[in-house]
Amino acid sequence: MGGGYAGFYTAWGLEKKLRRGEARVTVVDPRPYMTYQPFLPEVVAGSVEARHAAVSLRRHLHHTRLIAGSVTEIRHGARTVTVRPESAPPFDLQYDVLVVTAGAVTRTFPIPGLSDQAYGLKHVEEAVAIRDRLLTSFDRAAGLPRGPERSKLLTVTVVGGGFSGVEGFGELLALATALLKRYPEIDADEPAFHLVEARDRILPEVTDRPGAWVVRSLEKRGARVHLNTQLVSAADGRVRLSDGTEYDSGLLVWAAGNAANPIVHNHSDLPVDERGLLTVRADLRVATGTEVVPEAWAAGDDASVPDLAAGRPGAHTVPNAQHAVRQGKRLAKNILASLRERPAKDYMHRGLGVVATLGLGRGIFQYRSLVIKGFPAWLMHRGYHVLAIPSWERKARVFAVWATAVLYGRDIVSLASVQHPREAFVSHGDPRPGAEPAEPEDRIRA
């Protein structure tokens, strides 16, 4: 259930090691690809082509049955899940062994205007839409006189000071700075960037001093960081913050954390904790205390996995790509061991540190007390992730785009019109709003 990091690597690992006729593997996911989420901020900035941040399931899972759909209910007692395909009636799918790697969903709150105005930053489609929105806003603002509408188009708000929010914010800021060279009609002081974080610091994965340095770095580039601040309203594009700040924003990005998949904690008979995550043992078996749920496994963002490397009781692994990938690999080996009546091994991984991009040529890395800032950290970010993305084919494509950008700069073409691909066809090219299509003989004569 789920073809993200943990699900993809579990299925991939099983394919490589299963003997002929030993088992059949089925992956159910509404998307036909695994999203490499660390590249989404660079997709926003145009540094990575959108399709290169997606790893095709069918290209790599040659012996796995792939179902394009969503699991809507888990009845493990009956060894059955209900699957809702993209274009067919729901059906029940029976299994012997269940692997839950459905991934988290974006956590939202009932804030006025949020669902109408905001973009998430969890999927490739969202990253592409954010980029096109900013590029289109610059195009439109360049044709307007200074005033409220132009200011709104050039104002960006990102809510969430975790890695996703900060990296997306830094890349958007870098993209806007680069665009100023191509838009002489827009002055450098016009774009306004706001980062909103409810806590008193950003990037909780790093310590206080590096986090404070990131804030100073962003502010030196012209951004405004609102700490201890919450979004109160975004109705009609009017942003209201809890610190009293109020302004119009043409682009609102919501990156304020994740929540457990609702299917796991609302439509399943498997045990979950107070956060709605599946309770699992260190070997990734679903369990309640010391009692194992037979033939049920879980990993990734939906699983509360004990962190044996932390060295303290009650610690759990953080939901990030480092753990999800490695849990998927361990899960494949443990399932194989179970099928062959061998003991499963516990999952344990000592973190390699954290690294974040803050825009082209800027980054931060921390491993314990070692902190690296600026260009070296940015190079480390690129080097690590081009090695981490699955398959040499994807590595080569990403690297080729980076090499091209060194020679020719970033691509600044907006393809926002792809969100309405039939508009030109239906309007017959007439730019007047509500214009009637020309008569057929007129079109022929023309």
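Please read all numbers here as calculations on a predicted model, not as lab measurements. (Residues numbered from 1 in each chain as written. Predicted model: local features only at pLDDT ≥ 70, side-chain atom pairs only at ≥ 80, totals over all residues. Heavy atoms only, no water.)

1. A closer look at the pattern of salt bridges
For the structure on display, the rule yields 21 salt bridges. Where Arg146 meets Asp187, a salt bridge forms, and the shortest distance between an N and an O atom there is 2.7 Å. Here Arg146 is found in the loop between helix 5 (124-142) and helix 6 (148-153), whereas its partner Asp187 is found in the loop between helix 7 (163-179) and strand 11 (192-196), with 41 residues between them in sequence. Using a relative accessible area of 52% as the deciding quantity, one classes Arg146 as exposed. Arg275 is the partner of Asp273 in a salt bridge, and the nearest nitrogen-oxygen pair spans 3.3 Å. The exposure class of Asp273 is buried, given its relative accessible area of 16%. Each of Arg146, Arg150, Asp187, Asp189 and Glu190 takes part in one network of salt bridges that share partners. (Salt bridge = Lys/Arg side-chain N within 4 Å of Asp/Glu carboxyl O. Helix = DSSP H or I, 4+ residues; strand = E, 2+ residues; numbered from the N terminus. Buried < 20%, exposed > 50% of the residue type's maximum accessible area, 1.4 Å probe, protein only.)

2. Digging into the sheet that holds strand 13 (residues 231-233)
Ordered by their spatial adjacency, 3 strands build an open sheet running 13-14-15, and the pairing between neighbours is antiparallel. The open sheet has two free edges, formed respectively by strand 13 and strand 15 (246-248), since each of these has just one partner strand. Taking each pair of neighbouring strands and ignoring which way they run, the sheet shows an average axis angle of 35 degrees. Bridge count between strand 13 and strand 14 (residues 238-241): 2 bridges; the pairing is antiparallel. Its bridge partner lying in strand 14, Leu231 is registered against Leu241. (Pairing = 2+ DSSP bridges. Axes fitted to C-alpha atoms, helices over the stretch in contact; angles between N-to-C directions.)

3. Quick look at helix 10 (residues 321-339)
Helix length check: helix 10 (19 residues) gives 27 Å between terminal C-alpha atoms against 27 Å at 1.5 Å per residue, within 8%. Among the residues of helix 10, the N-terminal cap falls to Asn320, whose side-chain oxygen and the backbone nitrogen of Gln322 are separated by 3.3 Å. One or two residues past the end of helix 10 sits Glu341, with phi positive at roughly 60 degrees. (Expected span 1.5 Å × (residues − 1). Polar contact = N/O pair within 3.5 Å; in protein donor to acceptor, adjacent residues only side chain to side chain.)

4. Considering unusual backbone geometry
Its identity is not glycine, yet Asn228 carries a phi of approximately 55 degrees, on the positive side. Inspection of the secondary structure puts Asn228 in the loop between strand 12 (224-226) and strand 13. For Asn228, a relative accessible area of 54% corresponds to the exposed category. In this structure, Ser391 is a non-glycine residue whose phi angle is positive, near 80 degrees. Tracing the backbone through its elements, the reader meets Ser391 in the loop between helix 11 (375-388) and helix 12 (392-408). Using a relative accessible area of 14% as the deciding quantity, one classes Ser391 as buried.

5. Observations concerning the packing of helix 11 against helix 12
Packed helices, taken two at a time, are described by the angle their axes make and the gap between the axes. In the contact formed by helix 11 and helix 12, the axes pass within 8 Å of each other and the chain directions differ by 150 degrees. By the criterion of interaxial angle, the relationship of helix 11 to helix 12 is roughly antiparallel. The way helix 11 lies across helix 12 gives a crossing that is right-handed. Every residue of helix 12 that contacts helix 11 at Arg382, Val386, Leu387 and Ala388 is listed here: Lys395, Val398 and Trp402. Looking at side-chain class alone, the contact of helix 11 with helix 12 contains 5 nonpolar, no polar and 2 charged residues. (Parallel < 35°, antiparallel > 145°, perpendicular 65-115°, else oblique. Left-handed = near helix turned anticlockwise from the far one by under 90°. Contact = heavy atoms within 4.5 Å. Nonpolar A, V, L, I, M, F, W, Y, C, P; charged D, E, K, R; others polar.)

6. Brief notes about the environment of Thr157
With respect to the secondary-structure elements, Thr157 resides in strand 10 (residues 155-159). Judged by relative accessible area, Thr157 falls into the buried class, the value being 0%. With 35 residues separating them in the primary sequence, Thr157 and Ala192 have C-alpha atoms 8.5 Å apart. If we ignore the near neighbours within four places in the chain, the residues touching Thr157 are His194, Val196, Val239, Tyr247, Ser249, Leu251, Leu252 and Val253. At 2.8 Å, the side chain of Thr157 and the side chain of Tyr247 are in polar contact. Within the structure, Thr157 has its side chain in polar contact with the side chain of Ser249 (distance 3.1 Å).

7. Here's the deal with the packing of aromatic side chains
The full count for this structure, using the stated rule, is 10 aromatic pairs. Ring pairs connect the aromatic residues Tyr5, Tyr36, Phe39 and Trp402, which therefore count as one cluster. Positioned above the aromatic ring of Trp12, the side-chain terminus of Lys16 is 3.9 Å from the ring centre. Over the face of the ring belonging to Trp392 we find Lys395, whose NZ or CZ atom lies 5.5 Å from the ring centre. (Phe/Tyr/Trp six-rings, centres within 6.5 Å; stacked < 30°, edge-to-face > 60°. Lys NZ or Arg CZ within 6 Å of the ring centre and 35° of its normal.)

8. Digging into the side chain of His52
With respect to the helices, strands and loops of the structure, His52 is situated in the loop between helix 2 (40-45) and strand 3 (54-56). Note on His52: relative accessible area 13%, which makes it buried. Sequence-distant contacts of His52, defined by excluding residues within four places in its chain, comprise Ile389, Arg394, Arg397, Val398 and Val401.

9. Focus on the UniProt feature "domain: FAD/NAD(P)-binding" (unreviewed entry) in the chain
According to UniProt, the feature "domain: FAD/NAD(P)-binding" (unreviewed entry) maps to residues 2-328 in the numbering used here. Across residues 2-328 one finds 29% helix and 25% strand; the C-alpha atoms that close the span lie 11 Å apart. (UniProt positions renumbered as here; feature names shortened; annotations may be inferred.)

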